[in-house]
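# Topology and contacts: notes
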Amino acid sequence: MTNFDLLLQQTINGLSLGAMYALLALGFTLVYGILELINFSHFNVFMVGSFVAMATLQAFGLNGQQVILTGLPLAGVLLVAFAVTMTVSGALGVLIERLSLRPLRNVKGPAAMITTIGVSYILFNIVLLYEGADAKNFPNPMPAVRFHLGGAVLDLRVVLIWIVASLLMAGLWLFVQKSRIGKAMRATAQDPEAARMMGVEVDRVIITAFFLGSALAGAGGLIFGLYYNFTSFIIGFTAGLRAFTAAVLGGIGNVPGAMVGGLIIGMIEAMGGQFIATAWTDVIIFSILVLVLVFKPAGLFGRLAPNKS
Amino acid sequence: MLTRRGAAQLIATAAVAAAWVGSKTARAADATYKVGLDASLTGADAESAIRVRNGVTMALDEANAANAIPGIKLELVPFDDGTATAGQYDPAQAATNARKMVSDKDIVAAVGPQMSGAGKAMAPILSEGGLAIITPSSTNPDITNPKFAEQFRPAGKPIYFRTVTTDAYQGPNMANFFADTLKVKSVYVLDDSGAYGVGIADTFQAQAEKKGIKILGRDRLDPKASDYSAILTKIKSLGPQALYYGGVGQAGVKLAKQAYDIIPDVIKGGGDGMYGPAMLTAVGFPAAAGWYASIAAPHLMGDTKAQTFVDNYVKKFNAPPDDYTITAYDATLVIIDSVKRVAASGKPVTREAVRDAIQTAKVDTIQGPVSFDANGDLADRTVSVFQIKKDPSAREDDVSRNYQYIGVAPQS
């Protein structure tokens, strides 16, 4: 491999990782933008999403990497898998909000945030108890098609991840910018009191934010499984923490910031592994985070309160 | 003031009490002592932990049923050193377990731990408590190395015994196998940041260098991370003939899956951390095929002597055992034999006496005669090498048939 091929390959690796982090980071940012709450249960909604996706794919009779589909059946199976996973994960997010966070809505202090950590551990342990601790072989019906770009290899799966992640993020962007409820979300983010006075149903806005964020996390979980061909009860922590870092790096509460932050963290991980050492990945990521926050405390794209849309 | 009637009552009570105590001593012929077990029953290594526990259970059940030690029954007290947050063994939990074992005076010896990281945490506590433990699978050499005696056996006497050899042989012998048998000229070395993984990768690397294999690099995986494509791409660009991974399944499973995509043609091998059903079920075929793995014990499955054991095991637990089930069973046999010798000598069965008996043990087990050197290491130093190859007629998770036995790794 030439140096150029190597850079290209690591860029491909970094962008795939980044796309996943971005999908996850959006969930943190959506909820934070509206509630100023860091929702740690998001880590494991992502993990549960990957298990829902696995169950859905298995329901189609897919097992490991043995069954390969092409054309329409493949598209159909993936479409159903995305629809089911995103709906179930979104509903899980709404359930978490309704059961554990709404009662704490008007409680000052860290109670709500601690609650989300608790919910995260509950999900984590439920999956551990029901599914066991061993890594699971995630069904993958996609044919192993590979494009060779010089010495670099671009897998069909990777292209699919980019396309799906871009579509989801573009969809979210349009929704937040154009739709009525999206506008209500932005209004609530800017000033919840004023929004309420103008007739915005804040509860509905919050539920929408939880649903969308969790649905994206579920999509992230499915993409994760298809990309790595495995899932396990523990995947939420590292991925969640890095995605959260991405959200903060981009400016938490800011939607394009989360996307850019995700891509940056993904690229740092790939390039750090290449040019420094994989063992140093976390040190590099968090050093860059600290540096950015020192010079831009609100993150790359964030603006400081009170105006934080 | 003691009245006459009160005095009569007192005497009567005392007489009843004395009779009760007397009957207790009469029945003390059936004394029960406890054998502790520490294994990673929660987390990525739970399956092999259950096999270890089954091996110990089987040995104790057989001994109790056959009244192997006249008048003494042995009871198993299992402890779990895996935690949900770690996702695998957790040294802090292992240390807690060691404290619990030491504080239970009825525990006269223990089996475990599976993992070297747990062993390093437990050894100093067990040493202070004078409790001997026999590990069926932890292979990090530091724990028994006299150079680190102050750290791992501060009380002096060896308390950490093994029915497997150590990575002082497992890593180097695998390097010999890479150099002599596979004719590997260049290698990249990875570990999983754990005590076992770093240790075995270090010893592999040192011996590989001695054998003239070029080390193209060394890096460390975060077992909780999911993506190893960056480091695998780097390895691909360096173009080594082989990859050696020191570590356990949590990182190993993901490494094997991604290595199959990125560096399919590189020879890949690991230690006993890569020997187990997770490689077959979680990695699956074709990604798992071709991986070499070693174990720090002679290969016994398929051996005629082991066959009876395997048959009985399958009958009892309805699942296949593996080689470390046998080393766990053997470790328990050593403890049973030691308790028996102590009891036969007429001395009280204390931890100290049992430890001394283990030190001088010469027990005929499934793997052959087991005895220990002055540090607690197994006298036999066999390292066996396997390669994963799908046996289409076997169950997917059947380790004994999907890991093809290659042979004994060359000794240095």
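Residues numbered from 1 in each chain as written. Chains lettered and ligands numbered in written order. Predicted model: local features only at pLDDT ≥ 70, side-chain atom pairs only at ≥ 80, totals over all residues.

### Some words on the overall build of chain B
Here is the rule we go by: In this description a helix means any DSSP run of H or I spanning at least four residues, a strand means any run of E spanning at least two, and both kinds are numbered starting from the N terminus. The burial label depends on the number of other C-beta atoms within 10 Å of a residue's C-beta. Counts of 20 or more mean buried, 12 or fewer mean exposed, and intermediate counts mean partly exposed, with C-beta atoms placed from the backbone.
From N to C terminus, chain B includes 14 helices and 14 strands. Projected onto the principal axes, the alpha-carbon positions of chain B cover approximately 100 × 45 × 35 Å. Relative to its full complement of 412 residues, chain B shows a buried share of 57%.

### So, the pairing of strand S6 (residues 186-191) of chain B
All names here are of chain B. The condition that has to hold: If DSSP finds at least two bridges between two strands, the strands pair. Convention used here: a crossover is right-handed provided that the path from the first strand, over the helix, to the second strand proceeds clockwise when the strands point away from the viewer.
Of all six residues in S6, five are buried; the element is thus mostly enclosed. Where S6 lies against strand S7 (residues 214-220), six bridges are found, and the strand directions are parallel. Bridging across to S7, Tyr 188 finds its partner in Gly 217. For the segment spanning S6, helix H7 (residues 195-210) and S7, crossover handedness is right-handed. Relative to strand S8 (residues 242-246), S6 runs parallel, the two being bridged by five bridges. Note that in S8 the partner of Leu 190 across the bridge is Tyr 245.

### Some details on the interface of chain A and chain B
Going by this rule: C-beta atoms are first placed from the backbone for all residues, and any pair lying within 7 Å is then listed as a contact. For this classification, the nonpolar set comprises Ala, Val, Leu, Ile, Met, Phe, Trp, Tyr, Cys and Pro, the charged set comprises Asp, Glu, Lys and Arg, and every other residue, Gly included, is treated as polar.
Contacts between the two partners involve 33 residues from chain A, matched on the other side by 29 residues from chain B. At the level of elements, helix H1 (3-35), helix H4 (111-131), strand S1 (136-137), helix H9 (235-250) and helix H10 (255-275) of chain A are the ones that each hand at least two residues to the side of chain A that touches chain B. In terms of residue count, H1 of chain A provides more of the side of chain A that touches chain B than any other element does, five residues in total. Class assignment of the residues belonging to the side of chain A that touches chain B gives a composition of 16 nonpolar, 14 polar and three charged.

### Observations regarding the domain arrangement of chain B
Interfaces are frequently sized by the accessible area removed from exposure as the parts join. Residue and element names in this part refer to chain B. Convention followed: Where each domain begins and ends follows an automated or database-derived domain assignment.
By the assigned domains, chain B splits into domain 1 (31-166 + 302-370) and domain 2 (168-295 + 384-408). Of the residues lining the interface, 20 residues belong to domain 1; the matching set on domain 2 comes to 20 residues. For the side of domain 1 that touches domain 2, the secondary-structure elements that each account for two or more residues are helix H2 (46-65) and helix H4 (116-129). Take the side of domain 1 that touches domain 2: its biggest share by element is three residues, from H4. Here the residues of the side of domain 1 that touches domain 2 are counted per class, giving four nonpolar, 10 polar and six charged.

### Describing the packing of helix H6 (residues 180-190) of chain A against helix H8 (residues 202-228) of chain A
For any two helices packed against each other, the geometry comes down to the angle between their axes and how far apart the axes lie. All names here are of chain A. To keep it simple, the criterion reads: To get an axis, a line is fitted to the C-alpha atoms, and for a helix only the part in contact is used. The angle between two axes follows their N-to-C directions and goes from 0 to 180 degrees. Convention used here: angles under 35 degrees read as roughly parallel, angles over 145 as roughly antiparallel, angles from 65 to 115 as roughly perpendicular, and any remaining angle as oblique.
One can describe the packing of H6 onto H8 by two numbers: an axis separation of 9 Å at closest approach and a directional angle of 105°. With respect to each other, H6 and H8 are oriented roughly perpendicular. On the side of H6, the interface is formed by Ile 181, Ala 184, Met 185 and Thr 188, while H8 contributes Val 202, Arg 204, Val 205, Thr 208 and Ala 209. Looking at the contact of H6 with H8 residue by residue, the class counts come to six nonpolar, two polar and one charged.

### A short note on the sheet that holds strand S9 (residues 267-270) of chain B
Residues and elements named next belong to chain B. Strand order in the open sheet formed by seven strands is S7-S6-S8-S9-S10-S13-S14, with mixed pairing between adjacent strands. Of all the strands in the sheet, the pair left with one neighbour each is S7 and strand S14 (403-408). Across this sheet, the average inter-strand angle for adjacent strands is 25°, counted without regard to direction. Bridging between S8 and S9 involves four bridges; their strand directions are parallel. By the bridge assignment, Leu 243 is partnered in S9 with Lys 268. Packed onto the sheet, helix H8 (residues 229-238) meets S6, S7 and S8 and runs at close to 175° relative to S7.

### Concerning the confidence of the model for chain A
Formally: Each residue carries a pLDDT value, the predictor's own confidence for that position, ranging from 0 to 100.
Averaged over chain A, the pLDDT score is 89; the fraction of residues at 70 or greater is 98%. Element-level pLDDT for chain A is lowest in strand S2 (residues 146-149) of chain A, with a mean of 87, against a maximum mean of 95 in helix H2 (residues 41-59) of chain A.

### Brief notes about the nonpolar core
As a reminder, the rule being used: Nonpolar cores are built from buried Ala, Val, Leu, Ile, Met, Phe, Trp, Tyr and Cys residues. These are joined into a set through C-beta atoms within 7 Å.
Residues Ala 22 of chain A together with Val 339 of chain B are the most contacted members of the largest nonpolar core, which totals 224 residues. When residues of this core are assigned to their parent elements, the largest contribution, 17 residues, is made by H1 of chain A. Structurally, this core is a two-domain feature, drawing no fewer than three residues from each of domain 1 (31-166 + 302-370) and domain 2 (168-295 + 384-408) of chain B. Setting aside residues up to four positions removed in sequence, Val 339 of chain B forms contacts with Tyr 33, Ile 69, Ile 72, Leu 74, Val 108, Val 349 and Val 354 of chain B.

### Some points on the sheet that holds strand S1 (residues 31-39) of chain B
Residues and elements named next belong to chain B. On the basis of which strands lie adjacent, the open sheet formed by five strands has the order S2-S1-S3-S4-S5 and parallel pairing. Edge positions in the open sheet fall to strand S2 (72-80) and strand S5 (160-162), since each of these has one partner strand only. For this sheet, the mean angle separating the axes of adjacent strands, direction not counted, is 25°.

### Description of unusual backbone geometry
Going from Gly 112 of chain B to Pro 113 of chain B, the amide bond is cis rather than trans, its omega being -15°. Structurally, Pro 113 of chain B can be placed in the loop between strand S3 (107-111) and H4. Cis geometry marks the peptide bond from Phe 285 of chain B to Pro 286 of chain B; its omega dihedral reads 10°. Tracing the chain through its elements places Pro 286 of chain B in the loop between helix H10 (277-283) and strand S10 (292-295). The backbone of Asn 229 of chain A sits at a positive phi, close to 60°, despite the residue not being glycine. Here Asn 229 of chain A lies in the loop between H8 and strand S4 (230-231).

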